[in-house]
Amino acid sequence: MDSTTLAAVFGLLAVLSSAYIYLFSRPAFPRNAPALTSEAFPVIGSLQFFTKRWDFFQKAMAQSSTGNFSFYAGQYPVIGVAGPEARKVFLENKGLAFAEGYAAMLGGSPKVKKEAHNPFSEDAGGESGFSAYFNKRLVNMLKGNQLKKGLPQLLQDARASLDKLVAEPTNVSEDEHLVSFVVKKTGTIRRMYGTPADSDTHLCRTDPFDSIYRMVFQFTMRTIACNDIADDPKTLAKCLQYFETIDGTATPWSIMYPWMPLWSKVQRTAAGAKLYMVFKSVVDGRKKSGIRGDDPLQYLIDQGDDITSIVTFVVGALFAGQLNSGINAAYVLMYLANNSYWLPRVREEVISVADRHCPDDSIALKERLMRVPIEAWENEFPLVDMCLKDSIRLQMSGTAFRKNVTDHEIPINKSGTEVVPAGAYVAWHVGDIHYNPEIYANPDEWDPARYMPDRAEDKKEQYGFMGWGLGRHPCLGMRFAKLEMNVILAFFVAYFDTFTLSDAQGREVTRIPPTNRNNHTARKPEEKIYIKYKVAA
């Protein structure tokens, strides 16, 4: 046997030995941990937790007399919890750490590399160190004075995106075989989309999970990152592609066995490197020219943050905001397009706000909205808020995570008969409240009225709504998220007289694809659906 072959054999044995030790070294659950679920495979544990998460939780909860259960996610020991008592412990106990839980169990989330010059790297405080850094930076960016300062540009961005929908009536790709035709009228030629019955009305069509999603991405990039990128459509589109690549690399195997050399890791690394180079180019350009930017990126530079830390922050902020806000902005418009009761009421609310702050109705509604102050944008759209809230409830699928970072067991119930072992992870599925018919009547239906004072279904139990974070970890971006949603919905109804749902051929549909409750987070629907709209005169 030659030296090369011998080296290969020893290398393979080393890898297999390491894998064996890794696989079989996971800690055993103590007797007072919740019962181990039978929904599992030998060695790899509960693969169903990754492939059909809500189905897995429902089965495991049903098998348990308390609703709580234990399982292995690959190497990780996890306690699944459910019910008011365990929920309260999950959300309030200081020994259950937020960042450490997500770092291991959410494989697509960003991590900070160990660097000697990085004061908040893993060596200088672990994930909790980065979490403190992240929260501090984000809070400073989203303070009221910063949002007020950025509002005029936010409104201009919204107008520019919707002006594009008017000028380019569809963003549907050519291979989807749109029915189109040309109408000659009063010496002009107009391109129309739909059926010939639409020829006398300017009906257009868009995929909101593309056009509105991109609008939210631009808002988010400008608010937590960089004006140079937000102002450059090509670079912005590239950054969105890189972000979505990173988001798509969280496979079950990469989470369960992070040491495995998977193709998804190569893709993630490549996308992260490209994103790094985009931001490095902007930072280097500012240093070379001596021209300072007036944006969050400049704030991060002034704080002494390096490029790696800046990119990690940006990706983390995008994970926190883009997925939920981008998806829900599109879904709210779809729900309104499909609901003859709520759409006119939201339109009336938008007009009412415009009347209070710019009563001259000879001016187009979209122009009047430009004069609405930030205080009104934040406080005078209660119906829009309820519409958004029930969209979040329906789309917010998946699991919240924690890790017991103490050296002792944490009781799940008052009697102490079930515990979270030291070092174990905890998983709580939002379906425990959001899909619970005892809390939300007809939970599969979009029904903003459930938040009216006379119903107040989200107040039936403590911690009855997870949408904006709960307990010790409220959503730091809630204020900005609500602001951008109000802006998008208000301007959409101002720009377009009517809008309905359609398929790719322009045929009207009345069914919104149901949410896949096994999703790990808010996702675009698997079935394509469009919004067909008429441009306001």
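Residues numbered from 1 in each chain as written. Predicted model: local features only at pLDDT ≥ 70, side-chain atom pairs only at ≥ 80, totals over all residues. Heavy atoms only, no water.

Looking at an unreviewed UniProt entry, the protein chain carries the name Cytochrome P450 6A1, with the source organism given as Friedmanniomyces endolithicus. UniProt, in the comment section headed Cofactor (unreviewed entry), describes the protein chain in these words: "heme". (UniProt positions renumbered as here; feature names shortened; annotations may be inferred.)

Undergrad: Before we move on, could you go through the nonpolar core and cite the residues and values that matter?
TA: If you look at the biggest cluster of nonpolar residues, it comprises 158 residues, and the most contacted ones within it are F49, F279, F313, L336, L369, W377 and F499. Ranked by the residues each element gives to this core, the list is headed by helix α14 (residues 307-337), at 20 residues. What F313 contacts, discounting residues up to four positions off in sequence, is F130, Y133, F134, R137, L138, M141, I224 and L300. (Core = buried A, V, L, I, M, F, W, Y, C linked by side-chain atoms within 4.5 Å. Buried < 20%, exposed > 50% of the residue type's maximum accessible area, 1.4 Å probe, protein only. Helix = DSSP H or I, 4+ residues; strand = E, 2+ residues; numbered from the N terminus. Contact = heavy atoms within 4.5 Å.)

Undergrad: How would you summarise the packing of helix α7 (residues 144-167) against helix α20 (residues 478-495) if you had to cite specific residues and measurements?
TA: When two helices pack together, their arrangement is given by the angle between the helix axes and the distance between those axes. Interhelical geometry of α7 versus α20 gives an angle of 35° and a closest axis separation of 10 Å. α20 is crossed by α7, and the crossing has right-handed handedness. Residue-level contacts link G144, L147, L151, L154, L155, A158, R159, L162, D163, L165 and V166 of α7 to R479, F480, L483, V487, F491, F492 and Y495 of α20. Partitioning the contact of α7 with α20 into residue classes produces 14 nonpolar, one polar and three charged. (Axes fitted to C-alpha atoms, helices over the stretch in contact; angles between N-to-C directions. Left-handed = near helix turned anticlockwise from the far one by under 90°. Nonpolar A, V, L, I, M, F, W, Y, C, P; charged D, E, K, R; others polar.)

Undergrad: Give me helix α3 (residues 53-63): which residues, what numbers.
TA: Each full turn of the α-helix corresponds to 3.6 residues, which orients residues three or four apart in the same direction. Taken residue by residue, α3 has R53, W54, F56, F57, A60 and M61 as its buried positions. Along α3, the residues classed as buried sweep out an arc of 155° about the axis, all on the same side. (Arc of directions from axis to C-beta.)

Undergrad: Could you give an account of the pairing of strand β14 (residues 530-535), naming the residues involved and the relevant values?
TA: Most of β14 is tucked away: five of the six residues are buried. Sheet analysis places strand β13 (residues 496-502) next to β14, joined by six bridges and oriented antiparallel. For S502, the partnering residue across the bridge sits in β14 and is Y530. (Pairing = 2+ DSSP bridges.)

Undergrad: Would you mind going over the confidence of the model for the protein chain in detail, with residue names and values included?
TA: Chain-level pLDDT for the protein chain is 86 on average; 85% of the residues reach the 70-or-more range. Low pLDDT, under 50, characterises residues 108-127; the predicted model gives this stretch 45 contacts beyond four residues in sequence or across chains. With pLDDT under 50 throughout, residues 171-201 is counted as low confidence; its partners more than four residues away or in other chains account for 58 contacts. (pLDDT = per-residue confidence, 0-100.)

Undergrad: Tell me what's going on with the sheet that holds β14, and back it up with residues and numbers.
TA: As summarised here, the arrangement of the three strands in space is β6-β14-β13, forming an open sheet in which the pairing is antiparallel. Each edge of the open sheet is held by one strand with a lone partner, namely β6 (203-206) and β13. Sheet twist, expressed as the mean angle between neighbouring strand axes with direction ignored, is 30°. Two strands pair when backbone bridges link them, and β6 and β14 are joined in this way by four bridges, in the antiparallel orientation. Counted as the bridge partner of T206 is I531 from β14. The sheet strands contacting α7 are β6, β13 and β14, and the helix crosses β13 at an angle near 70°.

Undergrad: Outline the packing of aromatic side chains, listing residues and values.
TA: Within this structure, the stated rule accounts for 33 aromatic pairs. On the numbers, 5.3 Å between centres and 75° between planes, the contact of Y76 with Y425 is edge-to-face. On the criterion of sequence distance, the pair formed by Y76 in strand β2 (residues 76-81) and Y425 in strand β10 (residues 425-429) is long-range, its members being 349 residues apart. Relative to F319, the ring of F243 lies with its centre 5.4 Å away and its plane at 70°, an arrangement referred to as edge-to-face. Of this pair, F243 sits in helix α10 (residues 233-247) while F319 sits in helix α14, and the two are 76 residues apart along the sequence. The rings of F49, F50, F56, F57, F69, F71, F98, Y102 and F401 are connected pair by pair, giving a single aromatic cluster. (Phe/Tyr/Trp six-rings, centres within 6.5 Å; stacked < 30°, edge-to-face > 60°.)

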